[in-house]
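# Structural overview for review
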Amino acid sequence: MSKRYNRREFVLATGAAFAGGIITGLSGCKSPKPRHTTSSAVPVTGKVIDAHLHLDATTIDRCLTVMDQNHIHYGMNIGIGGEQFEAFQQAYQPYKDRLGMMYAFDWQSWQSDPDYLSKTPDLLENAIEKGAHGVKIWKDLGLTVKDPNGDLVRIDDERLDPIWERAEKIGCIVAFHTVDPVAFFEPWNEQNERWEELELHPDWSFADRTVYPTRDDVLEQRNNVIRAYPKVRFQCVHGANYSENLEVVDAWMDEMPNMYVDTSARIGEFGRHSAEEGKAFFEKYQDRLMFGTDRVFRKDGEVQGAGPSKIFTREEDQKFYNIHWRYFQSTDIQFEHPTPIQGSWKIDGIGLSEKALTKLYWDNAFNLYGLDRFGVT
Ligand SMILES: [Zn+2]
């Protein structure tokens, strides 16, 4: 399938100078001055839908407070299963005009219950009847989920077809978080550009080829499902899990008109491309790109897309969200991206048109999720 991401090509293409995994800044550049610092402290639309955040029944108030402080009018709780789904489903009833939810399967149940798979379409339909907007397929499918025989299950395994068929029948969204950043599939050593992040989460390394399939293989499995079900709309999270290579994502979106992409936890990666390339991509696919942050709200710790788990101050959150507005709206150059643990390079704003921003921040998610049904205004 696609051209494999090659770090050296990438370095040459972007002008970023990596030395043994240490980013030293733009090659040959003196510290550049911002070109213009515009109104990037607020989103031009005034209000925004975050198509990708995480919370549970115990953090609804906290989440709404942070949303209110940062222009997020509606948020999609993307992927919650089992008892947590039931609890959230009950607790969020008064806030259905502010929050949505996506269901998640518990593949582990397949181990103890060989009939689990045959129950999944009904589990999905039941979740949709309870108000879920769709189902989130986490990265464990394709990487670690095994059938009761102990065999790794492919995403395009025909045994899963009844799930996608049901999704088509009831018109539910399927969100795919498939694989992870390129660096997590490369040897885990000091040369790895996400060394710091992998130290924090050693279980995020999928470099062992005797255990895990290749990244390209698993992404192709996902795409096979998207191709086979053109009437289902798929939310491919984290920049379709390949924001390192916009050429490839561009080709996918061109080929598959039912592929929608959210930006969650990938502003840093999008920002590694030149502002011109980033802007061209976001303008070209302005009808299928959705703003998302991957902000996590848990009682025992919160996460801003990536990095350490802690409770963030109002100022820290404002900084986090403001960088997003700045990236999409301004043409400022060389500022810190929102998830520095993913790499210490700087990014340039892409200065999108107001039309593209309005769709990115609001219209696309509103239409995909059918939010008029939930009284969202
Ligand atoms: Zn997430």
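Everything below is about the structure printed above this text.
Report on the accompanying structure. No experiment lies behind these values; they were computed from the predicted model shown. (Residues numbered from 1 in each chain as written. Predicted model: local features only at pLDDT ≥ 70, side-chain atom pairs only at ≥ 80, totals over all residues.)

Helix and strand counts for the protein stand at 15 helices and 14 strands. Per-residue burial over the protein gives 43% buried out of 377 residues. If you take every contact in the protein between residues at least 6 apart in sequence, the share linking residues at least 24 apart comes to 74%. (Helix = DSSP H or I, 4+ residues; strand = E, 2+ residues; numbered from the N terminus. Buried ≥ 20, exposed ≤ 12 C-beta atoms within 10 Å, placed from the backbone. Contact = placed C-beta atoms within 7 Å.)

Further remarks concern the pairing of strand β6 (residues 134–137). Burial along β6 is two-sided: the face carrying Gly-134 and Lys-136 and the face carrying Val-135 and Ile-137 are both buried. For strand β5 (residues 99–104) and β6, the ladder comprises three bridges, and the chain directions are parallel. Looking at the pairing, Tyr-103 lines up with Val-135 of β6. Of the strand pairs in this sheet, β6 and strand β7 (residues 173–176) are connected by four bridges, and their pairing is parallel. Bridging from a neighbouring strand, Lys-136 pairs with Ala-175 of β7. (Pairing = 2+ DSSP bridges.)

Once that is clear, we can look at the environment of Trp-164. Secondary-structure assignment places Trp-164 in helix α7 (residues 161–170). Residue classification places Trp-164 among the buried residues on the basis of 21 C-beta atoms within 10 Å. Each C-alpha atom, one on Trp-164 and one on Val-174, is 8.2 Å from the other, the two residues being 10 residues apart in sequence. Contact partners of Trp-164, with chain neighbours within four places excluded, come to Val-174, Val-225, Tyr-229 and Val-232.

Once that is clear, we can look at the nonpolar core. By size, the foremost hydrophobic cluster in this structure holds 84 residues, and its most contacted members are Val-135, Val-174 and Met-259. Residues contacting Val-174, with those up to four places away along its chain left out, are Gly-134, Val-135, Ile-137, Trp-164, Ala-167, Val-232 and Phe-234. Ranked by size, the runner-up nonpolar core spans six residues in total, among them Val-182, Phe-184, Leu-198 and Phe-206. (Core = buried A, V, L, I, M, F, W, Y, C linked by C-beta atoms within 7 Å.)

All right, on to the packing of helix α5 (residues 116–129) against α7 then. How two helices sit against one another is set out by the angle between their axes and by the gap between those axes. One can describe the packing of α5 onto α7 by two numbers: an axis separation of 8 Å at closest approach and a directional angle of 30 degrees. On the basis of the axis angle, α5 is roughly parallel to α7. Classified by chirality, the crossing of α7 by α5 is right-handed. Contact residues: Thr-120, Pro-121, Leu-124, Glu-125 and Ile-128 in α5; Pro-162, Ile-163, Arg-166, Ala-167 and Ile-170 in α7. Across the contact of α5 with α7, the residue classes tally to seven nonpolar, one polar and two charged. (Axes fitted to C-alpha atoms, helices over the stretch in contact; angles between N-to-C directions. Parallel < 35°, antiparallel > 145°, perpendicular 65-115°, else oblique. Left-handed = near helix turned anticlockwise from the far one by under 90°. Nonpolar A, V, L, I, M, F, W, Y, C, P; charged D, E, K, R; others polar.)

Moving on, we get to the sheet that holds strand β3 (residues 48–54). Within a sheet, adjacent strands bond to each other through the backbone by hydrogen bonds, running parallel or antiparallel. Strands sit in the order β10-β9-β8-β7-β6-β5-β4-β3-β11-β12 across an open sheet of 10 strands; the sheet is mixed. Only two strands of the sheet have a single partner each, and these edge strands are β10 (289–290) and β12 (301–304).

This next bit is on helix α15 (residues 354–369). The terminal C-alpha atoms of α15, which comprises 16 residues, lie 22 Å apart, in line with the 22 Å expected from a rise of 1.5 Å per residue. Along α15, the sharpest kink reaches roughly 50 degrees, centred on Leu-360. Along α15, the positions that sit buried rather than exposed are Leu-357, Lys-359, Leu-360, Tyr-361, Trp-362, Asn-364, Ala-365, Leu-368 and Tyr-369. (Expected span 1.5 Å × (residues − 1). Bend = angle between axes of the 7 residues up to and from the residue.)

What follows covers the pairing of β7. Residue alternation in β7 divides its side chains into two sets, Ile-173 and Ala-175 and Val-174 and Phe-176, and both sets are buried. Sheet analysis places β7 next to strand β8 (residues 234–236), joined by three bridges and oriented parallel. Bridge pairing links Phe-176 to Cys-236 in β8.

Look at His-71: it is not a glycine, yet its phi comes out positive at around 70 degrees. With respect to the secondary-structure elements, His-71 resides in the loop between α2 (60–69) and β4 (72–80). Assessed through the 18 C-beta atoms surrounding it within 10 Å, His-71 is described here as partly exposed. A positive phi angle, near 55 degrees, is found at Asn-241, a position not held by glycine. In this fold, Asn-241 is placed in the loop between α10 (237–240) and α11 (246–255).

Residue placement: Gly-370 occurs in the segment after α15. When the C-alpha atoms of Gly-370 and His-133 are compared, they prove to be 8.6 Å apart, with 237 residues separating the residues in sequence.

Okay, helix α9 (residues 215–228) next. Helix length check: α9, at 14 residues, gives a terminal C-alpha distance of 20 Å against a target of 20 Å (1.5 Å per residue), a fit within 8%. Residues of α9 that are buried make contact with α6 (140–143), α7, β7, β8, α11 and β9 (259–262).

Take Arg-194: it is sitting in the loop between β7 and α8 (195–200). Sequence-wise, Arg-194 and Gly-343 are 149 residues apart; in three dimensions their C-alpha atoms are separated by 6.5 Å. For Arg-194, the contacting residues outside a window of four places in its chain are Pro-181, Ala-183, Phe-184, Gln-342 and Gly-343.

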